[in-house]
Amino acid sequence: MKILLVEDDEQISRYIENGLSSSGHVVDVLTDGRDALLVGLREPYDVAIVDRMLPGLDGLSLVRGLRGAGGKVPVIFLTAVGGVNDRVEGLEAGADDYLIKPFAFSELLARVNALQRRPPITAEKAKLKVADLELDLFSRLATRGGTTIELLPREFALLELLMRNEGRILTKTMLLERIWNFNFDPQSTVVETHISRLRAKIDKPFDVPLLRNTRNTGYTIHGQR
């Protein structure tokens, strides 16, 4: 794989670069977030590993910039900033995974490989449809009844998971683990917050609600009353 590593700590970047190179990967190392944004949009990378605390442009702004410009390279945040809210913020910015320092290189390598094992989207699987709601996995576009719906990256991922499991109840624990890579935290309201935002976008402007919640059980999407 061709991997972009954005890390301003020379010792850490050398450690990661040596490990990835020894595993057969090609690694480009950058220390400045602004430079990384320009290079990340110009070069075709398979994975980007990004620190959050960077000179020039911080990691969050870098990933937001990549996603805002249509960049689809899978991103792993590798950072010492590791609170729950920090992880949510990183994933909301468009990252695909989040690993906290200090870390084991074997785990980082496993996460890099896991991102690349995700099956490619084939033409027949490019669109999901529930009633008049459609999700285009190639263009990352949601529409309902011909109306375009703007979704943030985590909202898109949440809707995709629900639509792939149409009619099935997905619990809060399942959503936390699948979308946010969190273990169950009874104090976290991130699922409820995102479900509320999603409902405001895909249901409230339309006559027939599709997103349902079952009290004390979970959430489902269904095209029938």
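Residues numbered from 1 in each chain as written. Predicted model: local features only at pLDDT ≥ 70, side-chain atom pairs only at ≥ 80, totals over all residues. Heavy atoms only, no water.

As a further point, take the pattern of salt bridges. Here the structure, examined in full by the defined rule, presents 15 salt bridges. In this structure, Asp-51 engages Lys-101 in a salt bridge whose closest nitrogen and oxygen atoms are separated by 3.6 Å. Placement of the pair is Asp-51 in the loop between strand S3 (47-50) and helix H3 (59-68) and Lys-101 in the loop between strand S5 (97-100) and helix H5 (105-117), with a sequence separation of 50 residues. With respect to burial, Asp-51 and Lys-101 carry one shared label: buried. A salt bridge links Lys-201 to Glu-155, with the shortest nitrogen-to-oxygen separation between them at 2.7 Å. (Salt bridge = Lys/Arg side-chain N within 4 Å of Asp/Glu carboxyl O. Helix = DSSP H or I, 4+ residues; strand = E, 2+ residues; numbered from the N terminus. Buried < 20%, exposed > 50% of the residue type's maximum accessible area, 1.4 Å probe, protein only.)

Turning our attention to the packing of aromatic side chains. Under the defined criterion, the tally for this structure stands at three aromatic pairs. Summarising the aromatic geometry, the rings of Tyr-15 and Phe-105 are spaced 6.1 Å apart at their centres and angled 70° between planes, so their arrangement reads as edge-to-face. Here Tyr-15, found in helix H1 (residues 10-22), pairs with Phe-105, found in helix H5; they are 90 residues apart in sequence, far enough to count as distant. Residue Tyr-15 is classed as partly exposed on the basis of its relative accessible area, which comes to 44%. (Phe/Tyr/Trp six-rings, centres within 6.5 Å; stacked < 30°, edge-to-face > 60°.)

Residue-level pLDDT values for the protein average 88, and 93% of them are 70 or greater. Mean pLDDT across the secondary structure elements of the protein bottoms out at helix H7 (residues 172-179), with 82, and peaks at S3, with 96. (pLDDT = per-residue confidence, 0-100.)

It is worth spelling out helix H6 (residues 153-164) at this point. The end-to-end C-alpha distance of H6, which contains 12 residues, comes to 16 Å, matching closely the 16 Å that a straight helix rising 1.5 Å per residue would cover. Burial runs high along H6: 10 of the 12 residues are buried. Listed in full, the buried residues belonging to H6 are Arg-154, Glu-155, Phe-156, Ala-157, Leu-158, Leu-159, Glu-160, Leu-161, Leu-162 and Met-163. (Expected span 1.5 Å × (residues − 1).)

This brings us to the sheet that holds strand S4 (residues 75-79). The strands making up a sheet are joined through hydrogen bonds of the backbone, oriented either antiparallel or parallel. Strand order in the open sheet formed by five strands is S2-S1-S3-S4-S5, with parallel pairing between adjacent strands. Both edges of this open sheet fall to strand S2 (26-30) and S5, since each of them pairs with a single strand only. Each strand of the sheet is rotated relative to its neighbour by a mean of 20°, with strand direction disregarded. Across the face of the sheet, H1 comes into contact with strand S1 (2-6), S2, S3 and S4 while running at roughly 165° to S2. With respect to the sheet, helix H4 (residues 84-92) is in contact with S4 and S5, its orientation differing from that of S5 by roughly 145°. (Pairing = 2+ DSSP bridges. Axes fitted to C-alpha atoms, helices over the stretch in contact; angles between N-to-C directions. Contact = heavy atoms within 4.5 Å.)

Turning to the UniProt feature "modified residue: 4-aspartylphosphate" (unreviewed entry) in the protein, a few remarks are in order. Mapped onto this numbering, the UniProt entry annotates "modified residue: 4-aspartylphosphate" (unreviewed entry) at Asp-51. Using a relative accessible area of 6% as the deciding quantity, one classes Asp-51 as buried. Residue contacts for Asp-51: discarding those within four places in its chain leaves Val-6, Glu-7, Asp-8, Gly-59, Phe-77, Leu-78, Thr-79 and Lys-101. (UniProt positions renumbered as here; feature names shortened; annotations may be inferred.)

Between H6 and helix H8 (residues 190-202), the shortest axis-to-axis distance is 10 Å and the interhelical angle comes to 80°. Comparing their axes, H8 and H6 come out roughly perpendicular. When H6 is examined against H8, the residues Arg-154, Glu-155, Leu-158, Leu-159 and Leu-162 are found in contact with a partner set consisting of His-194, Ile-195, Arg-197, Leu-198, Lys-201 and Ile-202. The residue makeup of the contact of H6 with H8, split by class, is six nonpolar, one polar and four charged. (Parallel < 35°, antiparallel > 145°, perpendicular 65-115°, else oblique. Nonpolar A, V, L, I, M, F, W, Y, C, P; charged D, E, K, R; others polar.)

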